[in-house]
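Residues per chain, in single letters:
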Amino acid sequence: MDRIIADLPEKAKEKWEENKKYFAKLKRKTPKRLDLLVHGLHEEEFESTDCLDCANCCKTTSPIFTEKDISRISKYLKMKEHQFISQFLIRDEDDFMVLKSAPCHFLDQDNSCFIYDVRPKACSEYPHTNRKKFVQLTSLTLKNTEICPAVFNIVENLKKKLPL
């Protein structure tokens, strides 16, 4: 898995323009069955992909923390919300609350999450390839091809199953 993660940014960069054009075409002419197809590819990919073998998302990026996430997690950690925010979070250039640093403070050595049961909504939905209205998430999906090997594979398989 280490080799796959190490090679991923370069592979994603090589496919960036191709994928960008593919998603632009997909937005212009969205098949009715797109969500069904992508969800199937997601399920198929995660039958053989174990996030605990990778955790690259947790090692390299930060999820967005909503007010509900902050409230839930700080309660779980038995902290005041303002303490949780000052200790772990910062407001980014897009005005979102994100982690101050990577890797995620809550990532354990075995790639498990200390706060898994109360993790941010963005973490529980990651990599977002099984959400409704996939076509609205193509920009995010394009970025995630650089981070998540499963997303890279899902996009490559989508292009094969649905050539445009």
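To be clear, the structure that these remarks concern was listed above.
Residues numbered from 1 in each chain as written. Predicted model: local features only at pLDDT ≥ 70, side-chain atom pairs only at ≥ 80, totals over all residues. Heavy atoms only, no water.

Caption draft 1: How the structure looks around helix 2 (residues 34–48). An ideal rise of 1.5 Å per residue puts 21 Å on 15 residues; helix 2 measures up with 22 Å between its terminal C-alpha atoms. Within helix 2, the full set of buried residues consists of L34, L37, V38, L41, H42 and E45. Looking down the long axis of helix 2, one finds its buried residues gathered within 140° of arc, a one-sided arrangement. In helix 2, the exposed positions angled more than 90 degrees off the buried face are occupied by L36 and E47. (Helix = DSSP H or I, 4+ residues; strand = E, 2+ residues; numbered from the N terminus. Expected span 1.5 Å × (residues − 1). Buried < 20%, exposed > 50% of the residue type's maximum accessible area, 1.4 Å probe, protein only. Arc of directions from axis to C-beta.)

Caption draft 2: View of unusual backbone geometry. With omega at 0°, the peptide bond leading from A102 into P103 counts as cis. Secondary-structure assignment places P103 in the loop between strand 2 (97–99) and helix 6 (121–125). A positive phi angle is found at D95, which is not glycine, with a value near 70°. Tracing the chain through its elements places D95 in the loop between strand 1 (89–91) and strand 2.

Caption draft 3: Quick peek at the nonpolar core. Formed by 17 residues in total, the largest nonpolar core has its most connected members in Y22, F23, L26, L34, F134, L158 and L162. Mapped onto this core, the elements with two or more residues apiece are helix 1 (2–28), helix 2 and helix 8 (149–161). Among the elements that take part in this core, helix 8 stands out by supplying five residues, more than any other. Not counting the four nearest positions on each side in its chain, F23 is found in contact with F134, T138, T141, L142, V155 and L158. Ranked by size, the runner-up nonpolar core spans 15 residues in total, among them I70, F88, C104 and V118. (Core = buried A, V, L, I, M, F, W, Y, C linked by side-chain atoms within 4.5 Å. Contact = heavy atoms within 4.5 Å.)

Caption draft 4: Main features of the packing of aromatic side chains. Counted by the stated rule, this structure contains six aromatic pairs. Ring centres of F65 and F84 lie 6.1 Å apart, and the angle between their planes is 55°; on these two criteria the pair is classed as tilted. Of the two residues, F65 sits in the loop between helix 3 (56–60) and helix 4 (67–76) while F84 sits in helix 5 (residues 81–88), which places them 19 residues apart along the sequence. Taking the relative accessible area as the measure of exposure, F65 reaches 5% and is therefore buried. (Phe/Tyr/Trp six-rings, centres within 6.5 Å; stacked < 30°, edge-to-face > 60°.)

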